[in-house]
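Survey of secondary and tertiary structure
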Amino acid sequence: MTTPAAFRRRPAWAGRNYTMLTAAAVVTNLGSHGALIAAAFAVLESGGDGGDVGLVAAARTLPLVLFLLIGGAVADRLPRHRVMVAANALNCVSQAVFAVLVLTGEARLWQMMMLSALGGTGQAFFNPAAEGMLLSSVTAEQAGRAFALFRFASQGATMTGAAVGGALVAVIGPGWVLAVDAAAFAIAGAMRAFLDVSHIPDREPGHGMLADLRDGWREFVGRPWLWAIVVQFSLVNAVIVAADAVYGPQVARDHLGGAGPWGLALALFGAGNAVGALLMTRWKPRRLLLVGVLCVFPFALPSAALAVPAPVVVLCVTMFVAGMSIEVFGVSWMTALHQEIPEEKLSRVSAYDWFGSVSMVPLAAALAGPAESAFGRPAALWGCAGLCVAATAAVLCIRDVRTLTLRSAQPVAKGEPGTEPGSADAEGAVGRLG
């Protein structure tokens, strides 16, 4: 039997699980990033204002923060692909109901908030399971290239989904875009249901949810490089959200010519993401975390450009550089997790990572307006840039951040994580990676 050309072109290291996970991520990103725009316009078309849009967005973020740790523990107790499919099903149903309400003109603010909260709950369970499944679907040797290609495909889908979704909202209305997102979740969930888990041994029973969370916490705090970078990104993500979501549109309106130039700047950030991911398919930095953390410094450039405010061309350049550099960090970070964290604890550690990284975002969004009133917009933006630089510089004081190295290219003693043979198509056995 001959193999179809499309499968012959697939890299030898890209097993069935990795390929299906990447394809499913592309499908969901195409739908969900258009749906974010659709949800905002659905609120506005129902008679709501900017404050109501913020309430719907907050309704999605709050359960994401509240349930992340539980989602991580669940994903390490149950087969991860089943948790992912269940979360996709919840997202599909909530978006389908949202679409029906909008299309029939019956959507009320409380209903949209409730449905957004259900979507955020699904995401809280999906994210740790998905990251754990991806990390265990490739070998240590190919981890960096695999994560870079995955992020490249995901970022491309994100850009396309946002652009097409925005256009479709204008042409056919937000309700149909929400319906497309529901269909995307259904398709992706079906793909994830067919992941190959035949080589996965049964997970040993734990000692209860709280015990699992405590075990994950010990794994998290026992690695200074891990908790230090998560604390760093709790601040970095918070100030960047304040700069991009609150101050950026206002600067664009007052100084740069409106929504068009701001949309162009955001598109250049996405293009930088794609270029950074493409770069990391070829580059394997030996000092993983040192290179990654150094690449966080340029993330302060857009806030500084908005504070000036710089011309549109300069802003676009800073956004492109920031997008490219943060993608180098992202791939380096995922490679470090793959290398250092035991397989059976990946989802719990990922949950603490996600929780720390997003926990301060709602607070920052809420305080951005009062900070602008108290200090002025330029000072608030310079503060965002300064906090980003200070948090990143502080992390470099951690010795493990400067010294942790990529081990996949070096001989590794028998028994260390990632050394046992195994299928790249299946999750690794408990206690190992790859």
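Everything discussed here concerns the structure shown above.
Notes on the structure follow.

Cut-offs applied
- The residue numbers shown here count from 1 along each chain, following its written sequence.
- Where totals are concerned, whole chains, interfaces and linings use all residues; where local detail is concerned, this predicted model gives features only for residues with pLDDT of at least 70, and gives and counts side-chain atom pairs only at 80 or more.
- Water and hydrogen atoms play no part in the side-chain values, which are based on all heavy atoms of the structure.
- For the purposes of this entry, the term helix denotes a DSSP run of H or I that reaches at least four residues, the term strand denotes a run of E that reaches at least two, and both are numbered from the N terminus.
- Buried, partly exposed and exposed residues are distinguished by accessible area as a fraction of the type maximum, computed with a 1.4 Å probe on protein chains only: under 20%, between the cut-offs, and over 50%, respectively.
- The contact criterion used is simple: two residues touch if any of their non-hydrogen atoms lie within 4.5 Å.
- Using the Shrake-Rupley algorithm and a 1.4 Å probe, accessible areas are obtained, with residue cover drawn only from the displayed protein chains.
- What makes a nonpolar core is a set of buried Ala, Val, Leu, Ile, Met, Phe, Trp, Tyr and Cys residues whose side-chain atoms join them at distances within 4.5 Å.
- To define axes, lines are fitted to C-alpha atoms, for helices over the stretch in contact only, and angles between the resulting N-to-C directions are given on a 0 to 180 degree scale.
- Oblique is the label for any angle not under 35 degrees, not over 145, and not in the 65 to 115 range, which are roughly parallel, roughly antiparallel and roughly perpendicular in turn.
- Should the near helix be turned counterclockwise from the far one by less than a right angle, the crossing is left-handed, whereas a clockwise turn marks it as right-handed.
- When residues are sorted by character, Ala, Val, Leu, Ile, Met, Phe, Trp, Tyr, Cys and Pro go into the nonpolar class, Asp, Glu, Lys and Arg into the charged class, and all the rest, Gly among them, into the polar class.

Focus: the overall build of the protein chain
For the protein chain, the count of helices and strands is 17 helices and 0 strands. Sorting the 434 residues of the protein chain into buried and exposed places 51% on the buried side. Long-range pairs, those at least 24 residues apart, make up 88% of the contacts in the protein chain between residues at least 6 apart in sequence. About 18600 Å² of surface is accessible on the protein chain, with carbon and sulfur atoms providing 69% of the total.

Brief notes about the environment of Leu195
With respect to the helices and strands, Leu195 occurs in the loop between helix H7 (174-193) and helix H8 (209-221). By relative accessible area, which is 6% here, Leu195 ends up buried. Placed 177 residues apart in sequence, Leu195 and Tyr18 show a C-alpha to C-alpha distance of 9.0 Å. Setting aside residues no more than four positions away along its own chain, Leu195 makes contact with Arg16, Asn17, Met20, Leu21, His81 and Met133.

Section: the nonpolar core
With 56 residues, the main nonpolar core has Trp225, Ile229 and Trp333 as its most contacted residues. The element best represented in this core is helix H9 (residues 224-256), accounting for 14 residues. The residues contacting Trp333, other than those within four sequence positions of it, are Trp225, Leu226, Ile229, Val230, Leu289 and Asp353. Core analysis: the next-biggest nonpolar cluster, separate from the first, contains 25 residues, Met20, Ala75, Leu195 and Val331 among them.

Thoughts on unusual backbone geometry
Note that the residue after Val308, namely Pro309, is joined by a cis bond; omega there is -15°. Locating Pro309 in the fold gives a position in the loop between helix H12 (301-307) and helix H13 (312-340).

Quick look at the packing of helix H2 (residues 16-45) against helix H4 (residues 80-103)
The N-to-C vectors of H2 and H4 enclose an angle of 30°; their axes lie 12 Å apart at closest approach. On the basis of their axis angle, the class for H2 and H4 is roughly parallel. Regarding H2 and H4, the two cross each other, and that crossing is left-handed. Along the contact surface, H2 presents Leu21, Ala35, Ala39 and Ala42, while H4 presents Met84, Gln95, Phe98 and Val102. The residue inventory of the contact of H2 with H4, partitioned by class, reads 7 nonpolar, 1 polar and no charged.

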